Amino acid sequence: MKPLLAPSILSADFGNLESEIRKVEEAGAHLLHVDVMDGRFVPNITVGIPVVESIRGKTRLPLDVHLMIVEPEKYIPRFIEAGANWISFHFEAAVHHHRIVSQIKELGAKAGIAINPSTPISSLEEIIPYLDFVLVMSVNPGFGGQKFIESSIRKIEKLRELSLELNPKLIIEVDGGIKVENVEKILKAGARIVVAGSAVFKGDPERNVKDFLKKLNQFE
């Protein structure tokens, strides 16, 4: 599939969020990434269901909601009702992965699992056949603006190898420290959705999106 860009609103100006979203949408972004943090699974607190619902009314872009929360199964129905199109929850934050994936799909959203930098790809072997996508965290979750962990490249490659065996349609998404300068090697490793926060929203969001798209459009 053609690579997709998912700007993360975590780095947007929340005082002008509608305007920020409009800028990246008009510049050609493909999805909108929404980081939900609960202060328990990660040490930060961000947005919740009301914000997702508000965003849904302001954009036509699919909402890619990344749940960095404990007990995600309790909140997934409400996030999907609020307008989430893609839902990922953390492998490390849940026990009954198959049950939660089925829950997401039954409610009509794409189902994904996110993994921390220290979680091995092999942990996903039993669940990969049931997933629409895997979100590889290339920084430790909880804060924006972190530096890309270089060992993530080999991790993406391993996931691609495993997916070709178990689920060739699996989409690999990568989040953390992605910039125009390093996105090419991330795509070459097998990623097809790249999440960028500060690299999009700091400075000129429209120009930044277009710079990313120049790189993404080189890949199929």
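Residues numbered from 1 in each chain as written. Predicted model: local features only at pLDDT ≥ 70, side-chain atom pairs only at ≥ 80, totals over all residues. Heavy atoms only, no water.

Asker: Help me understand the overall build of the protein chain, please; the structure alone is not making it clear to me.
Answerer: Scanning the protein chain from N- to C-terminus turns up 8 helices and 8 strands. The C-alpha atoms of the protein chain give 16 Å as radius of gyration, which agrees with the globular expectation for 220 residues (17 Å, within 12%). Dimensions along the principal axes, computed over C-alpha positions, put the protein chain at roughly 40 × 35 × 30 Å. Across the 220 residues of the protein chain, 54% fall into the buried class. In the protein chain, of all internal contacts separated by at least 6 residues, the share reaching a separation of at least 24 is 65%. (Helix = DSSP H or I, 4+ residues; strand = E, 2+ residues; numbered from the N terminus. Rg over C-alpha atoms; globule rule 2.2 N^0.38 Å. Buried < 20%, exposed > 50% of the residue type's maximum accessible area, 1.4 Å probe, protein only. Contact = heavy atoms within 4.5 Å.)

Asker: How should the environment of Val195 be read in this particular structure?
Answerer: Relative to the helices and strands, Val195 is located in strand 8 (residues 193-196). Val195 has contacts with Ala6, Ser8, His33, Glu173, Val174, Asp175, Gly176 and Ile178, leaving out every residue within four places of it along the chain.

Asker: Looking at this model, I keep getting lost on the UniProt feature "binding site: substrate" (unreviewed entry) in the protein chain. Mind explaining?
Answerer: As recorded in UniProt, the sites labelled "binding site: substrate" (unreviewed entry) are Ser8, His66, Gly142, Phe143, Gly144, Gly145, Asp175, Gly176, Gly177, Gly197 and Ser198. Take His66: it is sitting in strand 3 (residues 63-68). For His66, the contacting residues outside a window of four places in its chain are His33, Val34, Asp35, Val36, Ser88, His90, Ala114, Leu135, Met137 and Asp175. The contact partners of Gly177, leaving out residues within four places of it in the chain, are Val139, Gln146, Lys147, Phe148 and Asn182. (UniProt positions renumbered as here; feature names shortened; annotations may be inferred.)

Asker: Can you walk me through the layout of surface pockets in this structure?
Answerer: One way to see where empty space is left: roll a probe the size of a water molecule over the atoms. Its volume calculated, the second largest pocket comes out at about 180 Å³. Tallied by class, the residues present in the lining of the second largest pocket amount to 8 nonpolar, 1 polar and 3 charged. (1 Å grid on protein atoms, 1.4 Å probe; cavity = no way out; pocket = protein on both sides within 12 Å on 5 of 7 lines; lining within 4 Å. Points joined across faces, edges and corners; volume = space filled by probe spheres on them. Nonpolar A, V, L, I, M, F, W, Y, C, P; charged D, E, K, R; others polar.)

Asker: Where do I start with the side chain of His90 in this structure?
Answerer: Among the structural elements, His90 can be located in strand 4 (residues 86-90). Residue classification places His90 among the buried positions, given a relative accessible area of 0%. Of note is the side chain of His90, whose polar atom sits 3.4 Å from the side chain of Asn116. In contact with His90, not counting residues within four places along its chain, are Phe41, His66, Leu67, Met68, Ala114, Ile115, Asn116, Met137 and Pro141. (Polar contact = N/O pair within 3.5 Å; in protein donor to acceptor, adjacent residues only side chain to side chain.)

Asker: Quick question: what am I supposed to make of the packing of helix 1 (residues 17-27) against helix 8 (residues 205-216) here?
Answerer: Pairs of packed helices are described in terms of their axes, by the angle between the two and the distance that separates them. Helix 8 packs onto helix 1 with a crossing angle of 35° between their chain directions and a minimal axis gap of 8 Å. In the crossing of helix 1 with helix 8, the sense of the turn from one axis to the other is right-handed. Facing helix 1, whose interface residues are Glu20, Lys23, Val24 and Ala27, helix 8 presents Pro205, Glu206, Val209, Lys210 and Leu213. Each residue belonging to the contact of helix 1 with helix 8 can be placed in one class, and the counts come to 5 nonpolar, no polar and 4 charged. (Axes fitted to C-alpha atoms, helices over the stretch in contact; angles between N-to-C directions. Left-handed = near helix turned anticlockwise from the far one by under 90°.)

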